[in-house]
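Results of the structural survey
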Amino acid sequence: MSVTQEIADRLEEAFAPSELSVVDDSESHRGHGGFREGGESHFNVKIRSAHFKGLSRVARHRAVHEALGPDLIGRIHALALDLDV
């Protein structure tokens, strides 16, 4: 399974989002730190979920990192998050 799909599956399970987009943006980071041939190192994630209601920006980010887990986070160099209700 691709890292992109793993991210999507874990976030879907944890947050039941009304909107979810996981984009592998690795190619645009070619030549930069953390780039790996074949991609799956840099991601842009957009989530809209009622789960985030009342949570601060930091709490939302922590919730996403917890949902992804240390094993998956350890395989990602960069993760840009756009989180809202």
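Everything that follows concerns the structure shown earlier in this document.
Quantities reported herein were computed from a predicted structural model and do not represent experimental measurements. (Residues numbered from 1 in each chain as written. Predicted model: local features only at pLDDT ≥ 70, side-chain atom pairs only at ≥ 80, totals over all residues. Heavy atoms only, no water.)

**Quick notes on the environment of Arg60**
The condition that has to hold: Labels follow the DSSP assignment, with helices taken as runs of H or I lasting at least four residues and strands as runs of E lasting at least two, numbered in each case from the N terminus. By the convention used here, residues are in contact when the closest approach between their heavy atoms is within 4.5 Å. Here a polar contact means two N or O atoms within 3.5 Å. Within protein one must be a hydrogen donor candidate and the other an acceptor candidate, and residues neighboring in sequence count only if both atoms are side-chain atoms.
Checked against the element boundaries, Arg60 lands in helix H2 (residues 57-73). Put simply, Arg60 and Leu81 are 21 residues apart on the chain and 9.4 Å apart in space, counted from C-alpha to C-alpha. If near-sequence neighbours (up to four positions away) are discounted, Arg60 is found in contact with Phe52, Leu55, Leu83, Asp84 and Val85. Only 3.2 Å separates the side chain of Arg60 from the backbone oxygen of Phe52, close enough to count as a polar contact.

**Observations concerning the packing of aromatic side chains**
Filter applied, for reference: Between rings of Phe, Tyr and Trp, where Trp is taken as its six-membered ring, a pair exists when centres lie within 6.5 Å; planes separated by under 30 degrees are stacked, by over 60 edge-to-face, and by other angles tilted. With a 1.4 Å probe rolled over the protein chains alone, any residue whose accessible area is under 20% of its type maximum counts as buried; one over 50% counts as exposed, and the rest are partly exposed.
All chains considered together, the criterion is met by one aromatic pair. Here the aromatic rings of Phe15 and Phe52 are separated by 5.0 Å at their centres, their planes lie at 40°, and the arrangement is tilted. A residue pair is termed long-range when its members are at least 10 positions apart, and Phe15 in helix H1 (residues 3-15) and Phe52 in the loop between strand S2 (42-48) and H2 qualify at 37 residues. Grouping residues by exposure puts Phe15 and Phe52 together as buried.

**So, the pattern of salt bridges**
To be explicit about the condition: Whenever Lys or Arg places a side-chain nitrogen within 4 Å of a carboxyl oxygen from Asp or Glu, that contact is recorded as a salt bridge.
By the definition in use, this model includes six salt bridges. In this structure, the salt-bridge partner of Arg10 is Asp71, at a minimum N-O distance of 3.1 Å. Linking Arg10 in helix H1 with Asp71 in helix H2, this pair joins segments that are 61 residues apart in sequence. The structure contains a network of salt bridges with shared partners spanning Glu6, Arg10, Asp71 and Arg75.

**Re H1**
Condition: Working rule for helices: expected span equals 1.5 Å times residues minus one.
Here H1 spans 18 Å end to end across 13 residues, near enough to the 18 Å set by a 1.5 Å rise per residue. Three or more residues of H1 are buried, namely Val3, Thr4, Glu6, Ile7, Ala8, Leu11 and Phe15. Where the residues of H1 are buried, they touch strand S1 (19-24), S2 and H2. Following H1 by one or two positions, Ala16 has its phi on the positive side, about 40°.

**Some points on the pairing of strand S3 (residues 78-84)**
Keep this limit in mind: Here the rule is simple: two strands pair whenever DSSP picks up at least two bridges between them. Convention used here: a crossover is right-handed provided that the path from the first strand, over the helix, to the second strand proceeds clockwise when the strands point away from the viewer.
Sheet topology note: the S2/S3 ladder contains seven bridges and is parallel. From the neighbouring strand, His42 faces S3, where its bridge partner is Ala78. With respect to chirality, the unit in which S2 leads through H2 into the neighbouring parallel S3 is right-handed.

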